Amino acid sequence: MTESGKARDTKRSHTTGIRWRIFLCLALFALMILMTLWFFQIRMLGYFYAREKFDELESVAEDLISHLETEHFDDRVDLTAKEQNLCVCVFRIEGSAATAVADADASSNCVVHQLQDELLSDLYDNARKNGGTYDRRMQFVKNDNPGEDDFYVPGMHDPSKAVNVLYVRLVTVEGREYMLVLDSMLSPIRTIITTLQVQFSWIVMLLLIATVLMAFIISRLIVAPLTSITQKAGELAAGNYDVSFEGFGYREVEELADTLNFAAGEISATDRLQKELIANISHDLRTPLTMIKGYGELMRDLPGENNAENAQIIIDETTRLSELVSDLLDLSKLQAGTKKPECDVFDLTALVGDTMKRYEALVRRDGYRISFEGEGEAPVLADRTMILQVIYNLINNAVNYTGDGKCVRVTLTRTAERVRFAVADDGEGIPPEQINEIWDRYYRVDKVHKRAVMGTGLGLSIVKSVLEAHHAAYGVESAVGVGSIFWFELPLHQNPNMN
Ligand code: ADP
């Protein structure tokens, strides 16, 4: 395994797998549900039950109060006690004396009717302090001493034993004070709690099994596409560019698969281009070298061939070779970002005008018609040498690829903010499907690496890199059989201080 592979593995061993994470999340979720269930269903059951009873007693008391001092109040108390399974005592309070005015006993385990006077006055005092209402739980305790009475203690000590809920209400009707004491029994809830506990352990077990199953299924569903993608990415890394990534019907995974498919396509294209590039460069280097070697040997072995003409061929080939090497160097520096534009303000019109002079011999000798139209000064802030290289490459291409009319038109047009350089030829044009690719290194429309025309096959990639380094707009408009117009635009520099 490679060092980076080992490092990746070590890093991986410190991270948690999706399967585990999903399981932990689900387990946490299940735990929360269980805790909530336990808290409300078991722990707080007694409290909620008692609360309900109190509310019930309160509304019964309200109802009775509304019938106090009515003719059939006694019957009402009786009926209510029977209906609700309660014990009810209604006292009239006069000074420190309490006289029972109505009472009913429908509860099997009543406390109210066994209350001693002091407990009654204790309830009265508490209700008075408490603003007129008071409630208390009383636990029935069996007396173990034979012959002695069973008794009630305040509070709920043993949920398995019966507990009475007492509700006391003080009310004054037409100047007379009454005390209502209602007593209801809380059924022992131990059995309910035990039933719930048994149920609860079943729920825990089922939920645990469901959690494990769900974690397993969810993680399988999520992990399967990722595992497949990882395996295919490994194949891609090993050089198999034909792999195709699938999304398995998940939108996010589909997006990832699309990106990876696109990356695989790009890597494959880059790989192909790189191979072509090496083949082309080797070819381009070998051709002049073979010529130089051949002519050198010729001049060495045959004294009659040792003439200026042959020496010129060697010089020309050497020039071509060094042009190719410096173009390659420029391009790799530009693309690696090590060569940055050194910007100065200069007049683009003057620069293009000077460049046009280089083509005068071509016009005279080969009958080219090369025209230039510019509109006054066009100051720009740019790297003069680089822009010159761009102009030179574009005009060279126009000259090389123009048609039989040998017509090339260079124009410089200005707007308020920018200047546009364009070079038009009447050559064969470029098919639309290839127009984007001509900017790639060594891309040739006909794919035939001919040297009949000058140029190293790197011209447009250098143009592209330079213009992109200047953040300049550029492009080509071309029609097959009509010709092409290559153009770029630079912002006009507002300060007319020329260098
Ligand atoms: P070279 O000209 O050395 O082949 P370039 O990078 O300058 O390399 O151009 C790339 C390709 O773009 C050319 O091979 C040619 O097919 C096409 N091309 C460039 N300029 C023109 C043009 N003015 N007319 C038609 N085709 C062109």
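Values in this document were obtained by computation on a predicted structure and should not be read as measured data.

What counts and what doesn't
Residues numbered from 1 in each chain as written. Predicted model: local features only at pLDDT ≥ 70, side-chain atom pairs only at ≥ 80, totals over all residues. Heavy atoms only, no water. Buried < 20%, exposed > 50% of the residue type's maximum accessible area, 1.4 Å probe, protein only. Helix = DSSP H or I, 4+ residues; strand = E, 2+ residues; numbered from the N terminus. Pairing = 2+ DSSP bridges. Phe/Tyr/Trp six-rings, centres within 6.5 Å; stacked < 30°, edge-to-face > 60°. Salt bridge = Lys/Arg side-chain N within 4 Å of Asp/Glu carboxyl O.

A. Region of interest: the pairing of strand E5 (residues 163–173). Within E5, ten of the eleven residues are buried, leaving the element largely enclosed by the surrounding structure. Alignment of E5 against strand E6 (residues 176–186), held across eleven bridges, turns out to be antiparallel. Along E6, the bridge assignment pairs valine 171 with tyrosine 178. Following E5, the chain reverses through two residues before pairing antiparallel with E6; glutamate 174 in that reversal takes a positive phi of roughly 50 degrees.

B. Looking closely at the packing of aromatic side chains. Using the criterion set out here, one finds eight aromatic pairs in the structure. Judged by centre distance (5.7 Å) and plane angle (85 degrees), the ring pair of tryptophan 20 and phenylalanine 23 falls under edge-to-face. You can see tryptophan 20 and its partner phenylalanine 23 sitting in helix H2 (residues 18–43), three residues apart, about one turn around the helix. The exposure class assigned to tryptophan 20 is exposed, which follows from its relative accessible area of 54%. Residue class for phenylalanine 23 comes out partly exposed when judged on its relative accessible area of 25%. Geometrically, the ring pair formed by phenylalanine 421 and phenylalanine 488 is stacked, given 5.1 Å between the ring centres and 25 degrees between the ring planes. Of this pair, phenylalanine 421 sits in strand E11 (residues 418–425) while phenylalanine 488 sits in strand E13 (residues 483–491), and the two are 67 residues apart along the sequence. Using a relative accessible area of 0% as the deciding quantity, one classes phenylalanine 421 as buried.

C. Looking closely at the pattern of salt bridges. A complete count under the given rule lists 21 salt bridges for this structure. Measuring nitrogen to oxygen at the nearest pair gives 3.0 Å for the salt bridge that ties aspartate 122 to arginine 136. Placement of the pair is aspartate 122 in helix H5 (residues 117–129) and arginine 136 in strand E3 (residues 133–141), with a sequence separation of 14 residues. A residue is classified by how much of its surface remains accessible, and arginine 136, at 14% relative accessible area, is buried. Note that aspartate 301 and arginine 300 form a salt bridge whose closest N and O atoms lie 2.7 Å from each other. What emerges from the salt-bridge pattern is a single network uniting Arg418, Arg420, Glu477 and Glu489.

In short, the description is geometric, and any link to function would need to be established separately.
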